[in-house]
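Take a look at the letters that make up each chain.
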Amino acid sequence: MTQQRPDENPEKHAHGDSIRRQAARRLAVVSFLLVTLILAIGFNSFYTRQDREIAQKHKSTAQFYAERIPATDEEWQALAERTKTRIEFLRFLEETGSDRWSRFTAFLTAQGEFADYGNLFVLGSDGNVLYRYGEIAQGITNLAPLLASGWHGDAGRHELFRVLTTTLWLGAAGGEGKLVLLRSVDNSTLSKLAVPEVDLVLLLNGQALASSDPDNTTPVYSDKSDGKLITEGSRAIIQSTISWPGPPGSPQLLIRREFHDSFPLPEFLLRPAAAIVLSVVLVLLGLGGWLRKTVMRIESLTAALKQYRLDGKTSQAEQEMQPAHSRPDEIHEVGDALIDLMLSVDARDSEQRAYLDTLSLLDEAILELDCEGNIRMASPGWQRLVRRQEEAVGRKLADYVHEDDRAVLHQMCNAFIRGEKEQGQARLRLRSEVSGQEQWVECRFVARPDEAGQIAGSRGVLRDITQTYLHEKQISHMALHDALTDLPNRVLLEDRIKVSLRMAKRSQRKVAVCFIDLDHFKNVNDNLGHKAGDRLLLAFAQQVRKLMREGDTLSRWGGDEFVLLLPELLSPDDVREVLQKVMESFKKPLQLDEVDFVLTFSIGVSLFPDDGQEVEILLSQADRALFYAKAQGRNQACLFGEIAAKGSGRSELYLQNKLAEAVANERIEAWFQPLVDARSGECVGVEVLARWNDPEHGWVSPATFIPMAESLGLIRDLGRQIWLQALGAAQTWREKGYKLKIAVNISKRQLFSPHLTEQLLGQLSLHGLVPKDIVLEITESVAVLDAANTAEQLATLNQAGFRIAVDDFGTGYSSLSQLHELPADELKIDISFVRRIHEPAGRSMVQAIIQLAQALKLETIAEGVEDEATAAILRELGADVLQGYHFAKPMPREALTAWIAASVSNSPKQGG
């Protein structure tokens, strides 16, 4: 089966803008930016240099004329003084005749040296004009403004005169007068002041009256252009203005210096142009060549992908990709990644084809449905799944589904159509042609959208899960039922009790919880074997179930204990009636394997709501009633409410309540009895013992309160308290340097509690201890009660590192095979054998136990050693560890710590 690769038309993948064109554009942009940058730098450098040159020339020109004008003014004043001296030397003006002024006029006219002063005034000592000479002087009526400003301008004639004043001796009669000379400042005057490349213009009140350049007597002038470069035609001019020395209103000298750039712009731009050409050439030769090759390498990747899209051959694509591998860089890595991707796609396609080929061999069916649930496509596996050879296309899938499950299918399809989900999963039954047979299938569907994105139907896979469903159903049943009797186990029982209590609350009726314990059932296992015991338990369960009402529940609690749940009762008399029928039915012997068994049992009953309203309380009260029934001689039924009113029962219940209170308040104490090495006499460990001192009853024997705690379900909490106290003591002794092993008794309920190993390891870790420091003791009777499960649990503990000891060995009925199967490390010889060790039979029994332990490589511990004679015999027989009053009695933690310290001080070898 082949799959078409999507989008296989190469024209569809043609890019409108190739990378080659993109590279060319970017190269052009880079070149343009480079040219722009170089030109900008060049122009900036040119104009910066030009501004500095303009500023320098402006400054030097202004400074030159700032010094030249005052010097010129001084020259004119000196010339005026010489003129005065010449006039005074001729003494024309000292005469008093009437012709002196005509003679003076003739003199001035004849003398060419007075050409610079063609206009003058002679003032008397009183300031009145005595004489005028020259056309301009004749037209001046008021001399005062000229004398004040030092200048006279004739705007109509465009003439400007410098007014020079000096004293003049007019003789004894006239006294000292004044000579006022008008120095003409014209174009020739400014031409003499002008230097090369400089034009001078003299301005008065903003009007040009003289210029060194007669062709340009009205120059453009602006204060803002002072020191700036201005253009007049083809000329570049630097303008500067300075004021002629004198009072306010004196004319201004406009200095116009022609500017010739020392480094013209075209010549200056030759260097940037050369740099531009060189840079562009370098970019084209270096970057352009590299970019062209890079583009070719990238195009080879595109060509390889197109080739692979056309024929799907990795080898052909790899040949197209050779330019990309010419250099070991990122493009080379991309090429390698593309090849890896192509190989991965090839492997995926091959794998997908193999999956499709394999799927066609399986019993799974692939269906494609439309929105109405009609089958649009079906794989060959569909006919095998429904076991029909008819054509399915066009028919509704619901026609093949069981009537009770069609709603589930319709709900899933409607959810697809409404867009509520994109995929769905369900378990359905198919219609079967054979009555009574059910075929379960698991279907997984996904919504199938069309090109517009609207749901066009669904596609899914269906597979036969009939066997899986039956297995799950069986596993679920096994999880809630006892494997031997097929009765509900504790989990299902507690659930049914909760349901019964809720119903009883609504109906105002009673519920009875009855604990049933078979009397002396252990003797059956010990004498006839466990298989006979199992058959007896099964027969008991079958017999009781025959007598049960509809709605009653019989559950196996564990071992030989059962719980009977009786809901919907009107009064306690209804309970007595049911229990009486059950007990009457067992008065006749049960026959198993042609052997008659007279079976008796004890029953403890608690009632809801009289004795409690919670499941745990009802079970606890029923267990207490059962304990009381067994204490009264067994083979009877006791109601918790009735025994609570009796005297002896009240005392028993009072002690039970006090024990429950003591456990709840953690008043059970851990005492310790030393374990002594039989050879060295050193203390190698301690056994942890539980002690209870009731404020009213005093010290209560463990033989009394330990069974009571087991019956009341308090043994786990009690054992946990003793365990934690033992760990605390062991931690303290370790800190003092005493390395003692701690032997702790484990009850049956504790041993089979869930997660026991994890809990013990976690608590050890918190106290800084390890499992090898702990010895877990179980009694021989517990070890053989459920040998298989016990061995499995003990093996788990032993693998975790704990040492296992079999306590009270010899009092039970274990066989050698059972003992061999237990993962034990130690045997504790029961005190009953040790006490008879001085008798030949007793000594032989102890010797046999020790030899048996040695054969199994187990360490032996003898309990109840009361004197040295007993200790000596046990050492002789090969016992490893001794325990008893001969060495020390059980004592509290503080007393034992002092005892160990004293032992260490008395024996240098002691101390662990």
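Remember, it's a predicted structure, so these values are computed and weren't measured experimentally. (Residues numbered from 1 in each chain as written. Predicted model: local features only at pLDDT ≥ 70, side-chain atom pairs only at ≥ 80, totals over all residues. Heavy atoms only, no water.)

**Some details on the overall build of the chain**
When its secondary structure is counted, the chain shows 30 helices and 31 strands. In terms of overall size, the chain is more extended than a compact globule, its C-alpha atoms giving a radius of gyration of 65 Å where 912 residues would be expected to give roughly 29 Å. Reported as C-alpha extents along the three principal axes, the dimensions of the chain are approximately 195 × 95 × 65 Å. Sorting the 912 residues of the chain into buried and exposed places 43% on the buried side. The contacts in the chain between residues at least 6 apart in sequence include a share of 60% that link residues at least 24 apart. Accessible area of the chain: about 48,100 Å², with a carbon and sulfur share of 52%. (Helix = DSSP H or I, 4+ residues; strand = E, 2+ residues; numbered from the N terminus. Rg over C-alpha atoms; globule rule 2.2 N^0.38 Å. Buried < 20%, exposed > 50% of the residue type's maximum accessible area, 1.4 Å probe, protein only. Contact = heavy atoms within 4.5 Å. Areas by Shrake-Rupley, 256 points an atom, 1.4 Å probe, with all protein chains shown as cover.)

**Re empty space enclosed by the protein**
Enumeration according to the criterion identifies three cavities of 30 Å³ or more in this entry. Of the voids in this model, the largest cavity is the one considered here, and its volume is about 50 Å³. Residue lining of the largest cavity: Asp370, Cys371, Cys413, Phe416, Ile417, Ile455, Gly457 and Ser458, and that is the complete set. Every element with two or more residues in the lining of the largest cavity is listed here: helix 11 (406–418) and strand 15 (455–464). Across the lining of the largest cavity, the residue classes break down as five nonpolar, two polar and one charged. (1 Å grid on protein atoms, 1.4 Å probe; cavity = no way out; pocket = protein on both sides within 12 Å on 5 of 7 lines; lining within 4 Å. Points joined across faces, edges and corners; volume = space filled by probe spheres on them. Nonpolar A, V, L, I, M, F, W, Y, C, P; charged D, E, K, R; others polar.)

**Notes on helix 14 (residues 521–528)**
Phe521, Val524 and Asn525 are the residues of helix 14 that are buried. The buried residues of helix 14 occupy an angular sector of 95 degrees when the element is viewed end-on, so they sit on one face. Residues of helix 14 that are buried make contact with strand 16 (510–518) and helix 15 (530–547). With its phi angle positive at about 100 degrees, Gly529 sits one or two positions after the end of helix 14. (Arc of directions from axis to C-beta.)

**Observations concerning the packing of aromatic side chains**
Taken as a whole, this structure holds 17 aromatic pairs when the rule is applied. For the pair Phe64 and Tyr65, a centre-to-centre distance of 4.9 Å together with 85 degrees between the ring planes defines the contact as edge-to-face. Residue classification places Phe64 among the partly exposed residues on the basis of a relative accessible area of 34%. Between Phe586 and Phe601, the aromatic rings sit 5.2 Å apart at their centres with planes inclined by 85 degrees, giving edge-to-face as the arrangement. (Phe/Tyr/Trp six-rings, centres within 6.5 Å; stacked < 30°, edge-to-face > 60°.)

**Regarding the sheet that holds strand 6 (residues 198–204)**
Reading across the sheet, the five strands line up as 7-6-10-9-8 and stay open at both edges, with antiparallel pairing between neighbours. Since the sheet does not close on itself, it has two edges, and those belong to strand 7 (207–211) and strand 8 (229–232), each with one partner. Shown here is a sheet whose adjacent strand axes are inclined to one another by a mean of 35 degrees, direction ignored. Here strand 6 pairs with strand 7 via four bridges, running antiparallel. For Val201, the partnering residue across the bridge sits in strand 7 and is Ser211. The strands that helix 1 (residues 19–90) touches are strand 6, strand 8, strand 9 (235–243) and strand 10 (252–258); relative to strand 9, the one it contacts most, it runs at about 40 degrees. (Pairing = 2+ DSSP bridges. Axes fitted to C-alpha atoms, helices over the stretch in contact; angles between N-to-C directions.)

**A closer look at the sheet that holds strand 13 (residues 423–430)**
What links the strands of a sheet is backbone hydrogen bonding, and the strands pair in either a parallel or an antiparallel sense. Judged by pairing direction, the sheet is antiparallel, and its five strands sit side by side in the order 12-11-15-14-13 without closing on themselves. Among the strands making up the open sheet, the edge pair consists of strand 12 (375–378) and strand 13. Pairwise comparison of adjacent strand axes, ignoring direction, gives a mean angle of 25 degrees for this sheet. Summarising the sheet, strand 14 (residues 439–449) and strand 15 pair through nine bridges and their orientation is antiparallel. For Val446, the partnering residue across the bridge sits in strand 15 and is Arg459. Each of strand 13, strand 14 and strand 15 touches helix 11; the most contacted strand, strand 13, lies at about 160 degrees to it. The sheet contacts of helix 12 (residues 466–480) involve strand 13, strand 14 and strand 15, and relative to strand 14 the element is tilted by about 115 degrees.

**Focus: the pairing of strand 11 (residues 365–370)**
Of all six residues in strand 11, five are buried; the element is thus mostly enclosed. Sheet topology note: the strand 11/strand 15 ladder contains six bridges and is antiparallel. Opposite Glu368, over in strand 15, you have Arg459 as the bridge partner. As consecutive antiparallel partners, strand 11 and strand 12 are separated by four residues, and within that stretch Gly373 has a phi angle of approximately 85 degrees, a positive value.

**Looking at helix 13 (residues 490–507)**
Between its first and last C-alpha atoms helix 13 spans 25 Å; for 18 residues at 1.5 Å apiece the expected length is 26 Å, and the two agree. Turning to helix 13, its buried residues number three or more, namely Leu492, Leu493, Ile497, Ser500, Leu501 and Ala504. Against helix 12, strand 16, strand 17 (553–558), strand 18 (561–569), strand 21 (601–608) and helix 17 (615–631) lie the buried residues of helix 13. Looking at where helix 13 begins, the residue whose side-chain oxygen comes 3.2 Å from the main-chain nitrogen of Val491 is Asn489. (Expected span 1.5 Å × (residues − 1). Polar contact = N/O pair within 3.5 Å; in protein donor to acceptor, adjacent residues only side chain to side chain.)

**A closer look at the confidence of the model for the chain**
Confidence along the chain averages 82 in pLDDT terms, with 91% of residues attaining 70 or more. Taken element by element, the chain is modelled with least confidence in helix 24 (residues 780–785), mean pLDDT 58, and with most confidence in strand 31 (residues 881–882), mean pLDDT 95. For residues 1–15, every residue scores under 50 in pLDDT, and the model assigns this stretch 18 contacts once sequence neighbours within four places are set aside. Of the regions scoring below 50 in pLDDT, residues 908–912 engages in 11 contacts with residues more than four places distant in sequence or in other chains. (pLDDT = per-residue confidence, 0-100.)

**Details of the packing of helix 28 (residues 840–855) against helix 29 (residues 868–877)**
Look at helix 28 against helix 29: their axes get within 10 Å of each other, and the N-to-C directions meet at 40 degrees. Comparing their axes, helix 29 and helix 28 come out oblique. In this structure, helix 28 crosses over helix 29, and the sense of that crossing is right-handed. Touching Arg843, Val846, Gln847, Ile850 and Gln854 of helix 28 are Ile873, Leu874, Glu876 and Leu877, all from helix 29. Across the contact of helix 28 with helix 29, the residue classes tally to five nonpolar, two polar and two charged. (Parallel < 35°, antiparallel > 145°, perpendicular 65-115°, else oblique. Left-handed = near helix turned anticlockwise from the far one by under 90°.)

**Topic: the pattern of salt bridges**
Per the counting criterion, the structure on display carries 31 salt bridges. Between Arg429 and Asp404 there is a salt bridge, and its shortest N-O distance comes to 3.9 Å. Here Arg429, found in strand 13, pairs with Asp404, found in the loop between helix 10 (381–386) and helix 11; they are 25 residues apart in sequence, far enough to count as distant. Take Arg429: its relative accessible area is 14%, and that puts it in the buried class. Accessibility expressed as a relative area gives 54% for Asp404, which makes it exposed. The closest approach of N and O atoms between Lys828 and Glu777, which form a salt bridge, is 3.0 Å. Residue Lys828 is found in strand 29 (residues 826–829), and its partner Glu777 is found in strand 27 (residues 774–779); the two are separated by 51 residues along the sequence. Per residue, the accessibility class of Lys828 equals that of Glu777, and both read buried. Sharing partners across several salt bridges, the network here consists of Glu687, Glu777, Lys828 and Glu863. (Salt bridge = Lys/Arg side-chain N within 4 Å of Asp/Glu carboxyl O.)

**Quick notes on the environment of Gly460**
Take Gly460: it is sitting in strand 15. What makes Gly460 buried here is its relative accessible area of 5%. Remark: the alpha-carbon pair of Gly460 and Leu310, spanning 150 residues in sequence, is separated by 31 Å. Residues contacting Gly460, with those up to four places away along its chain left out, are Ala365, Ile366, Leu367, Arg444 and Phe445.

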